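Single-letter residue listing:
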Amino acid sequence: MLPKPFRALILGSSGTIGSALLHLLQNDPDCERVTGLHRHSAPAIDYDHLDTIELAYEALKTEQPYHLIINTIGALHSNQFMPEKRLADLHSSQLTQQFLTNAIGPALSIKQFSQLIDPAGGVYATLSAKVGSIADNRLGGWYSYRASKAALNMLIKTAAIELRRTKPNLILAAIHPGTVKSSLSRPFRGDELGREPHHAAQEILSVLKNLVPADSGTFKSYSGEVIPW
Ligand SMILES: NC(=O)c1ccc[n+]([C@@H]2O[C@H](COP(=O)([O-])OP(=O)(O)OC[C@H]3O[C@@H](n4cnc5c(N)ncnc54)[C@H](OP(=O)(O)O)[C@@H]3O)[C@@H](O)[C@H]2O)c1
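Residues numbered from 1 in each chain as written. Predicted model: local features only at pLDDT ≥ 70, side-chain atom pairs only at ≥ 80, totals over all residues. Heavy atoms only, no water.

> What exactly am I supposed to notice about the packing of aromatic side chains here?
When we look at a pair of aromatic rings, we describe it by the centre distance and by the angle of the planes. Going through the model one piece at a time under the given rule, you end up with three aromatic pairs. Ring geometry for tryptophan 142 and tyrosine 145: centres 6.1 Å apart, planes at 75°, overall edge-to-face. The class for tryptophan 142 is partly exposed, based on a relative accessible area of 25%. By way of ring pairs, the aromatic residues Trp142, Tyr145 and Phe188 are connected into one cluster. Looking at arginine 195, its charged tip hangs above the ring of tyrosine 222, at a distance of 3.9 Å from the centre. (Phe/Tyr/Trp six-rings, centres within 6.5 Å; stacked < 30°, edge-to-face > 60°. Buried < 20%, exposed > 50% of the residue type's maximum accessible area, 1.4 Å probe, protein only. Lys NZ or Arg CZ within 6 Å of the ring centre and 35° of its normal.)

See below:
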């Protein structure tokens, strides 16, 4: 669905996968322009301050249309918490923060930034995680990360159903990037088990470039396979 040339926007371009995608698109001959937003960009996007989403949207409005938007913002752990191993580890503060970063911020971003996409055709992808799949949950643990990504998936699916009616050429997708060497995965043997960020970015971009309108509202892996919700 991407025209040639196309314009792209990366949300979370300070992150490992976000910066790899930004770099890849900066060197993509089909990409006319790529903009990256993060907590310290101008405009900034910060899910601890949700008003920044609308402010960033207003600032980018003059630059529309975009054809590819990839939201890479997400968190698994912080200075205050690590993923829960057992029910006894559940805390409202961690659940609240994880839902804010992984579901509420990304959903409000879809609400605003999807309006920047060319109605003639475009892709809005949000990075989710396979551990957010309810059907695939065999190991348990990681309560707030799993639940917030499952909520994200439902929000994407619901928005895709609505937007299919009004903007049939806009594709909304949830993408699992696979394990990637990053600050997010590092405490969980990410450097040992993960792929290089530039390699993951190439795979993600290749999946996104091959999406068709029928893929809107699906959850896809970096390899292109559909992941059950
Ligand atoms: N790496 C993996 O193995 C893996 C596996 C499955 C899914 N994912 C998903 O892929 C995405 C990218 O992960 P990554 O590995 O690139 O992680 P990362 O290097 O930690 O990058 C995370 C990005 O999210 C931003 N962010 C975090 N909290 C934020 C907040 N409250 N407001 C605004 N921005 C915030 C970070 O901004 P700062 O730079 O300002 O902190 C950074 O840009 C995430 O959604 C993650 O859940 C990753």
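> What is the right way to look at the nonpolar core in this model?
Soluble, globular proteins show a tendency: their nonpolar side chains are buried together. Formed by 28 residues in total, the largest nonpolar core has its most connected members in Leu9, Leu11, Leu37, Ile45, Phe113, Tyr124 and Leu172. Mapped onto this core, the elements with two or more residues apiece are β1 (6-11), α2 (51-60), α3 (92-113), α4 (143-166) and β5 (170-176). Among the elements that take part in this core, α4 stands out by supplying five residues, more than any other. Each residue touching phenylalanine 113, except ones within four places of it in the same chain, is listed here: Leu9, Leu11, Leu37, Ile45, Ile53, Ala56, Tyr57, Leu60, Ile69 and Tyr124. Among the nonpolar cores identified, the runner-up in size contains 27 residues, and Ala20, Leu21, Ile171 and Val207 belong to it. (Core = buried A, V, L, I, M, F, W, Y, C linked by side-chain atoms within 4.5 Å. Helix = DSSP H or I, 4+ residues; strand = E, 2+ residues; numbered from the N terminus. Contact = heavy atoms within 4.5 Å.)

> I'm lost on the side chain of serine 41 in this one. Help?
Positionally, serine 41 belongs in the loop between β2 (31-37) and α2. Polar side-chain contacts of serine 41 include one of 2.6 Å to the backbone oxygen of proline 43. (Polar contact = N/O pair within 3.5 Å; in protein donor to acceptor, adjacent residues only side chain to side chain.)

> Teacher, can you tell me more about the site of the ligand here?
Around the ligand, 27 residues are found, and the nearest of them are Ser14, Thr16, Arg39, Tyr145 and Ser182. In this structure, an oxygen atom belonging to the ligand sits 2.7 Å away from a side-chain N or O atom of serine 14. Between the ligand and the protein, one listed contact pairs a nitrogen atom with a backbone N or O atom of tyrosine 47 at 2.9 Å. In the complex, the protein chains occlude 87% of the 900 Å² of accessible area that the ligand would expose alone. (Near = heavy atom within 4 Å. Areas by Shrake-Rupley, 256 points an atom, 1.4 Å probe, with all protein chains shown as cover.)

> What should I look at first to understand the sheet that holds β5 in this one?
Hydrogen bonds between backbone groups are what pair the strands of a sheet, and the pairing can be parallel or antiparallel. Read from one edge to the other, the open sheet built from six strands follows the order β2-β1-β3-β4-β5-β6, with strand pairing classed as parallel. A strand with exactly one partner marks an edge of an open sheet, and here the two such strands are β2 and β6 (218-221). Mean inter-strand twist for the sheet, computed between neighbouring axes without regard to direction, equals 20°. Note that β1 and β2 share six bridges and pair parallel. Bridge assignment links phenylalanine 6 to a residue of β2, and that residue is cysteine 31. (Pairing = 2+ DSSP bridges. Axes fitted to C-alpha atoms, helices over the stretch in contact; angles between N-to-C directions.)

> Explain helix α1 (residues 16-26) here, please?
At 3.6 residues per turn, the α-helix brings residues three or four places apart onto the same side. When we look at burial in α1, the residues that qualify are Ile17, Gly18, Ala20, Leu21, Leu22 and Leu25. Buried positions along α1 lie against β1, β2, β3 (68-71), β4 (122-127) and α6 (197-209).

> Got a minute to help me understand the pattern of salt bridges in this structure?
Side-chain pairs of opposite charge can arise where the charged atoms are in close proximity. This model, assessed by the stated rule, comprises 13 salt bridges. Glutamate 196 serves as the salt-bridge partner of lysine 181, at 2.8 Å between the closest nitrogen and oxygen. Note that lysine 181 is positioned in the loop between β5 and α5 (190-193) and glutamate 196 in the loop between α5 and α6, a separation of 15 residues in sequence. Between aspartate 215 and lysine 220 there is a salt bridge whose closest N-O contact spans 3.3 Å. For the pair aspartate 215 and lysine 220, a shared accessibility class is recorded, and that class is buried. (Salt bridge = Lys/Arg side-chain N within 4 Å of Asp/Glu carboxyl O.)

> I tried to follow unusual backbone geometry on my own but got confused; where do I start?
One can expect most non-glycine residues to show negative phi and most peptide bonds to be in trans. Between lysine 4 and proline 5 the backbone carries a cis peptide bond, its omega angle lying at 0°. Secondary-structure assignment places proline 5 in the segment before β1. A positive phi is found at tryptophan 142, a non-glycine position, where the angle reads about 55°. Among the structural elements, tryptophan 142 can be located in the loop between β4 and α4. Its identity as a non-glycine residue notwithstanding, arginine 189 has a phi of 60°, on the positive side. With respect to the helices and strands, arginine 189 occurs in the loop between β5 and α5.

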